[in-house]
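The lines below spell out each chain.
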Amino acid sequence: MYLPPHDPHVDDPMRFKPLFRIHLMERKCATVECMYGHKGPHNGHIQIVKKDEFSTKCNQTDHHRMSGGRQEEFRTWLREEWGRTLEDIFHEHMQELILMKFIYTSQYDNCLTYRRIYLPPSSPDDLIKPGLFKGTYGSHGLEIVMLSFHGKKAKGTKITGDPNIPAGQQTVEIDLEHPLQLPDVENLRDFSELSRIVREVQEQVRREEQEKEHRQEDEDHSQQAASQPAAKPLGGEEGAEGEETAAEAEGRTQDKAPASQPFVLPMGVISRNEDYPRTCRICFYGTGLIAGHGFTSPERTPGVFVLFDDDRFGFIWLELKSFSLYSRIKVSFQNAEAPSREAFDEMLKNIQSLAT
């Protein structure tokens, strides 16, 4: 298992922790050992669920228990997961979230299901290379997000979740058609000024979406009423004209965008990491997903996507007055003894055949 670095150090490397190991021996004999806990390897089980998915099960979960009971297990987990003790964390809300995470994760006792992650494709037109990023999420600590590009949109999908937003949800969505022109540094310190700029773009996006819906309705009515198929190419011409206009607008945006511009967080915006870059390349309007515990009442709220360089970006959550800093994961996810993907798949098939 690759764990993110200790909060809030997003630029630190990932941490490696073995969870299980497979021994393939002669005479088609195989054993699986669980590596979870602090008492050494012990008996485990592995099973293929379906394509790109397998599960592990510990057969001796008593090896995960500590002599000091759950309190000692929690203290040990806290040192490994957060690099600190509970006494070092003064924020009561953060203490509550950390305790929730411990209760939630420890109940599985390394009986887990694994699914393969397919990284998004890369295009020369992408703003930066897509991939996996470590990001700060306030009291939740560091989480892993996959950045991908989809035409005029960019999306950040959670690979690891928390009690509010689970894994698999789109934590941020960036509207690449709506770059933001930030004020100078002095005015940028004023949160109300940034909020005014973002709200104006939010209203513009809302109007454009309404106009698009109306145009689509008109086109649908026209197609229904038309008796000749000649009406269809007209729609195509309109679409081409719209694409050209968007391309021209994008070109103008790129011409106007400076190579870099000063950046500072507005007063009152909370950041777990104060060591963020003080210059950025470009900013875009975006939305961030927030919700209550248990993913209740999810809502997309306005925000600012800030591109710092090829490996770092940020997001200002307007409603939360919070800032998340993201740093690219550069680890190759293999160590010297790790098998290739093909070899690992072959091992799973051998174990499955032995089990049946």
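Residues numbered from 1 in each chain as written. Predicted model: local features only at pLDDT ≥ 70, side-chain atom pairs only at ≥ 80, totals over all residues. Heavy atoms only, no water.

### Thoughts on the overall build of the protein
Here is step 1 of the chain: Counting its secondary structure elements, the protein contains six helices and 18 strands.
Here is step 2 of the chain: Partitioning the contacts of the protein with sequence separation of at least 6, the portion at a separation of at least 24 is 54%. (Helix = DSSP H or I, 4+ residues; strand = E, 2+ residues; numbered from the N terminus. Contact = heavy atoms within 4.5 Å.)

### A short note on the sheet that holds strand 6 (residues 53-58)
Here is step 1 of the chain: Across the sheet, five strands lie side by side as 3-4-5-6-7; this open sheet has antiparallel pairing. A single partner strand is all that each edge strand has here, and the edge strands are strand 3 (20-25) and strand 7 (112-115). This sheet shows a mean twist of 35° between the axes of neighbouring strands, independent of strand direction. (Pairing = 2+ DSSP bridges. Axes fitted to C-alpha atoms, helices over the stretch in contact; angles between N-to-C directions.)

### Side note on unusual backbone geometry
Here is step 1 of the chain: Following aspartate 7, the chain continues into proline 8 via a peptide bond in cis, with omega recorded as 5°.
Here is step 2 of the chain: Relative to the helices and strands, proline 8 resides in the loop between strand 1 (2-3) and strand 2 (15-16).
Here is step 3 of the chain: At lysine 321, a position not held by glycine, the phi torsion is positive, near 50°.
Here is step 4 of the chain: Given a relative accessible area of 37%, lysine 321 falls into the partly exposed group. (Buried < 20%, exposed > 50% of the residue type's maximum accessible area, 1.4 Å probe, protein only.)

### Structural notes on helix 1 (residues 69-82)
Here is step 1 of the chain: Its 14 residues give helix 1 an end-to-end C-alpha distance of 20 Å, which sits within 8% of 20 Å, the value for a rise of 1.5 Å per residue.
Here is step 2 of the chain: When helix 1 is considered as a whole, its buried residues turn out to be Glu73, Phe74, Thr76, Trp77, Leu78, Glu81 and Trp82.
Here is step 3 of the chain: Summarising the contacts, the buried residues of helix 1 are in contact with strand 1, strand 2 and helix 2 (92-106).
Here is step 4 of the chain: Once helix 1 ends, the next one or two residues include glycine 83, with phi positive near 70°. (Expected span 1.5 Å × (residues − 1).)

### Quick notes on empty space enclosed by the protein
Here is step 1 of the chain: Using the criterion set out here, one finds three cavities of 30 Å³ or more in the structure.
Here is step 2 of the chain: By volume, the largest cavity amounts to about 200 Å³.
Here is step 3 of the chain: Along the wall of the largest cavity there are 14 residues; nearest its centre are Tyr36, His38, His64, Glu73 and Trp77.
Here is step 4 of the chain: At the level of elements, helix 1 and helix 2 are the ones that each hand at least two residues to the lining of the largest cavity.
Here is step 5 of the chain: It is helix 1 that contributes the most residues to the lining of the largest cavity, four residues altogether.
Here is step 6 of the chain: Residues belonging to the lining of the largest cavity are distributed by class as follows: four nonpolar, five polar and five charged.
Here is step 7 of the chain: Estimated volume of the second largest cavity: approximately 80 Å³.
Here is step 8 of the chain: The wall of the second largest cavity is formed by Pro4, Pro5, Asp7, Arg15, Glu81, Trp82, Lys101, His140, Gly141 and Leu142.
Here is step 9 of the chain: Residues of the lining of the second largest cavity, tallied by class, amount to four nonpolar, two polar and four charged.
Here is step 10 of the chain: Both of domain 1 (2-115) and domain 2 (131-197 + 258-354) provide at least three residues apiece to the lining of the second largest cavity. (1 Å grid on protein atoms, 1.4 Å probe; cavity = no way out; pocket = protein on both sides within 12 Å on 5 of 7 lines; lining within 4 Å. Points joined across faces, edges and corners; volume = space filled by probe spheres on them. Nonpolar A, V, L, I, M, F, W, Y, C, P; charged D, E, K, R; others polar. Domains from an automatic or database assignment.)

### As for the side chain of serine 139
Here is step 1 of the chain: Along the polypeptide, serine 139 turns up in the loop between strand 8 (131-136) and strand 9 (142-150).
Here is step 2 of the chain: Taking the relative accessible area as the measure of exposure, serine 139 reaches 17% and is therefore buried.
Here is step 3 of the chain: When sequence neighbours within four positions are dropped, the list of residues in contact with serine 139 reads Trp82, His93, Met94 and Leu97.

### Things to note about the nonpolar core
Here is step 1 of the chain: Counting residues in hydrophobic clusters, the biggest one holds 26 residues, and the most contacted among them are Leu180, Phe263, Val304, Ile316 and Phe323.
Here is step 2 of the chain: A per-element tally of this core places helix 4 (residues 191-225) first, with six residues.
Here is step 3 of the chain: Apart from residues no more than four positions distant in its own chain, leucine 180 is found in contact with Ile197, Val198, Val201, Cys283, Phe284, Tyr285 and Val304.
Here is step 4 of the chain: Core analysis: the second largest hydrophobic core is formed by 18 residues, Leu147, Val172, Ile174 and Phe315 among them. (Core = buried A, V, L, I, M, F, W, Y, C linked by side-chain atoms within 4.5 Å.)

### Here we look at helix 2
Here is step 1 of the chain: Relative to the 21 Å expected for 15 residues at 1.5 Å per residue, helix 2 spans 21 Å between its end C-alpha atoms, a close match to the ideal helical length.
Here is step 2 of the chain: Turning to helix 2, its buried residues are Met94, Leu97, Ile98, Phe102 and Ser106. In a view along the axis of helix 2, the buried residues occupy a sector of 145°, so they form one face of it. Turned more than 90 degrees away from the buried face of helix 2, the exposed residues are Glu92 and Tyr104. (Arc of directions from axis to C-beta.)

### Here we look at the pattern of salt bridges
Here is step 1 of the chain: Under the criterion given, the structure shown has 25 salt bridges.
Here is step 2 of the chain: Put simply, glutamate 143 and lysine 158 hold a salt bridge, and the shortest N to O gap is 2.8 Å. Of this pair, glutamate 143 sits in strand 9 while lysine 158 sits in strand 10 (residues 153-158), and the two are 15 residues apart along the sequence.
Here is step 3 of the chain: Overall, the relative accessible area of 2% leaves lysine 158 in the buried class.
Here is step 4 of the chain: One continuous salt-bridge network, built from bridges that share partners, spans Arg65, Arg70, Glu73 and Asp109. (Salt bridge = Lys/Arg side-chain N within 4 Å of Asp/Glu carboxyl O.)

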